[in-house]
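# Coordinates in review
Residues per chain are reported as follows:
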Amino acid sequence: KDHKTSLKQDASSSKSPAAVAAVMSLYMAMSVSTTLMNKRSFPKDKFPFPFAVTCFQMLVAIVWLLLLSFLQTFAMRGSKVSLSLIRVFGVNEKVPLRWSRQEILSSKGAAFAFTGMLSAGNLCLLFVQISFYQAAKSQHILCNLVMSYLVFGNSQPLNIILCCVGVTVGFVVNTLAERDVLESMSSSPDFVSQLFKGCIAGLISSFFVALYPILLNTSFLKGADTWQKSININCMSLAWYLPLIAYEIGTGDLLASEALRDPHFWLFNFATGTVGFLLNVVAMLHVRYTSPLTHMIVGSLKGAVTTLITVVFLGDQINAQGVMGLSLLIASSFAYSYIRSQK
């Protein structure tokens, strides 16, 4: 409690408009950068193996978590520099982070959902344009409502259901628009198969996005420190990635890829993993400096910003129908976040 109180006091004492704007801008920039860098992390023509890349990025996150653990140890021994650093990262100053094998193994359920969420999301990104990626992964709201009813028996009010309908209709409209765009861009009929695979991967990722908090909140990790959750889940997820990497080895040319011996390729992926890790830090700061509602709203808007950047600067294509579908999807997501925040 003392740790959480000190964090709130630190945040509230510096909640100037400039600080809030800076944190919001940084969160938006990090979110967009993570998606853009992930797309380049497993190019289809050079290294089309998103599971191996995602596993490597998870190893990068574990390296940074180890560094945080060392900093916490030094801080608890009286190092003022380390204490200042861990306060920035929101690490508990009194309860040491644990690397317990028993606790890590006990996280297998939540780690399974976490692995599915990330791996299916990156698989979706392999097959589709970034401008469509946001729509392809949008059905976590529908999955959340369905699982909430099936698991807990919770029915939803009409306004929540209408938001879900809006997101789903926006997804369908955007999918049809993406098919037309890809048809105009490609002379090969394979674009239909690519789009279908991207949609299926996006739906699977959405399912795991909805499942993850359910498994997390029903495990011993409920109420645990955020960084302790990260340690347990990231470490356990490495085991879940082994069969996925074995699949890529067995069905593709993973071990024969020249990218395995390209230091620049892995340096870029190290940078991508680091940005993804820092995004978690910035997300925590964003909630502390703004509000849960603002955090959800910015989360809804970042899809629009990412799409705008990819279309204007990176050559992604979207037609008027796609803009309409994406606008409906984002507006419905925004309304859903707002209604949820009022409960």
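Residues numbered from 1 in each chain as written. Predicted model: local features only at pLDDT ≥ 70, side-chain atom pairs only at ≥ 80, totals over all residues. Heavy atoms only, no water.

### Let's talk about helix 11 (residues 226-251)
- With 26 residues, helix 11 should cover 38 Å at 1.5 Å per step; its first-to-last C-alpha distance of 37 Å lies within 8% of that length.
- Of all the bends in helix 11, the largest measures some 35° and sits at Y241, one to four residues before the proline P243.
- For helix 11, the capping residue at the N-terminal end is D225, with a side-chain oxygen 2.8 Å from the backbone nitrogen of W227. (Helix = DSSP H or I, 4+ residues; strand = E, 2+ residues; numbered from the N terminus. Expected span 1.5 Å × (residues − 1). Bend = angle between axes of the 7 residues up to and from the residue. Polar contact = N/O pair within 3.5 Å; in protein donor to acceptor, adjacent residues only side chain to side chain.)

### Topic: the state of the cysteines
- A full pass over the atoms with the stated rule returns zero disulfides.
- With no disulfide of its own, C55 lies closest to C235 among cysteine sulfurs, the gap being 11 Å.
- The buried category is assigned to C235, whose relative accessible area is 19%. (Disulfide = S-S within 2.5 Å. Buried < 20%, exposed > 50% of the residue type's maximum accessible area, 1.4 Å probe, protein only.)

### Remarks on empty space enclosed by the protein
- On inspection of all chains with the given rule, the structure shows one cavity of 30 Å³ or more.
- Of the pockets and cavities examined, the largest cavity occupies roughly 50 Å³.
- If you list the elements that add at least two residues to the lining of the largest cavity, you get helix 7 (130-136) and helix 9 (158-185).
- The greatest single-element share of the lining of the largest cavity, amounting to four residues, is contributed by helix 9.
- Classifying every residue of the lining of the largest cavity gives four nonpolar, five polar and one charged. (1 Å grid on protein atoms, 1.4 Å probe; cavity = no way out; pocket = protein on both sides within 12 Å on 5 of 7 lines; lining within 4 Å. Points joined across faces, edges and corners; volume = space filled by probe spheres on them. Nonpolar A, V, L, I, M, F, W, Y, C, P; charged D, E, K, R; others polar.)

### Things to note about the layout of surface pockets
- Looking at the second largest pocket, its volume works out to about 340 Å³.
- Forming the boundary of the second largest pocket are 17 residues, of which K39, K44, L126, F127 and V128 lie nearest the centre.
- When grouped by side-chain class, the residues that make up the lining of the second largest pocket number nine nonpolar, two polar and six charged.

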